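Coordinate analysis (summary)
Take a look at the letters that make up each chain.
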Amino acid sequence: MGTIKNPNRLGQDLFMFQINEKGMLLPMGVKGTDYYSEIDEYCSNSSSDSINGAGCTYNALTDKDYFKNLPK
């Protein structure tokens, strides 16, 4: 089962989306979502914050090297 296998980490194998007031489904981390930050505060390879990774969905969808650069 997928939820039993690790890593089960935001931004690595768990990704978040948000439905805005117009009913549009947005990848978390895009401007206008709860976990958007100009400085990637919610999507950082060096942060150990429990909410880190919540804003990585947009990056995972748009950066072709995103999965090659994940922390080990």
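Scroll up to find the structure.
Model, not experiment: these values are computed from the prediction.

**Focus on the overall build of the protein**
The helix and strand inventory of the protein stands at one helix and two strands. Taken from the N to the C terminus, the helices and strands of the protein come in the order β-β-α. Relative to the globule expectation of 11 Å for 72 residues, the C-alpha radius of gyration of the protein, 12 Å, shows essentially globular dimensions. Projected onto its principal axes, the C-alpha positions of the protein cover 35 × 30 × 25 Å. Looking at the 72 residues of the protein, the share that counts as buried comes to 31%. Considering only residue pairs separated by 6 or more positions, the protein has 38% of its internal contacts joining residues 24 or more positions apart. For the protein, the exposed surface amounts to about 5,400 Å²; the carbon and sulfur share of it is 52%. Put simply, the protein has 7 plus and 9 minus side-chain charges, and the middle of one group is 9 Å from the middle of the other.

**Some thoughts on the pattern of salt bridges**
Considering all chains together, one arrives at two salt bridges under this definition. Between Asp65 and Lys64 there is a salt bridge, with the nearest N and O atoms lying 3.6 Å from each other. Look at Asp65 and you get partly exposed, because its relative accessible area is 25%. A salt bridge links Lys68 to Asp65; the nearest nitrogen and oxygen atoms lie 3.5 Å apart. One network of salt bridges, with partners in common, ties together Lys64, Asp65 and Lys68.

**Side note on the packing of aromatic side chains**
Taken as a whole, this structure holds three aromatic pairs when the rule is applied. Judged by centre distance (5.1 Å) and plane angle (75°), the rings of Tyr35 and Tyr42 are edge-to-face.

**With respect to the nonpolar core**
Counting residues in each nonpolar core, the largest one holds five residues, listed as Cys43, Cys56, Ala60, Tyr66 and Leu70. When neighbours within four sequence positions are excluded, Ala60 is seen to be in contact with Phe15, Tyr66 and Phe67.

What counts as what
Residues numbered from 1 in each chain as written. Predicted model: local features only at pLDDT ≥ 70, side-chain atom pairs only at ≥ 80, totals over all residues. Heavy atoms only, no water. Helix = DSSP H or I, 4+ residues; strand = E, 2+ residues; numbered from the N terminus. Rg over C-alpha atoms; globule rule 2.2 N^0.38 Å. Buried < 20%, exposed > 50% of the residue type's maximum accessible area, 1.4 Å probe, protein only. Contact = heavy atoms within 4.5 Å. Areas by Shrake-Rupley, 256 points an atom, 1.4 Å probe, with all protein chains shown as cover. Lys, Arg positive; Asp, Glu negative; His and termini not counted. Charge placed at Lys NZ, Arg CZ, Asp CG, Glu CD. Salt bridge = Lys/Arg side-chain N within 4 Å of Asp/Glu carboxyl O. Phe/Tyr/Trp six-rings, centres within 6.5 Å; stacked < 30°, edge-to-face > 60°. Core = buried A, V, L, I, M, F, W, Y, C linked by side-chain atoms within 4.5 Å.

The values reported here are purely geometric and, on their own, carry no functional implication.
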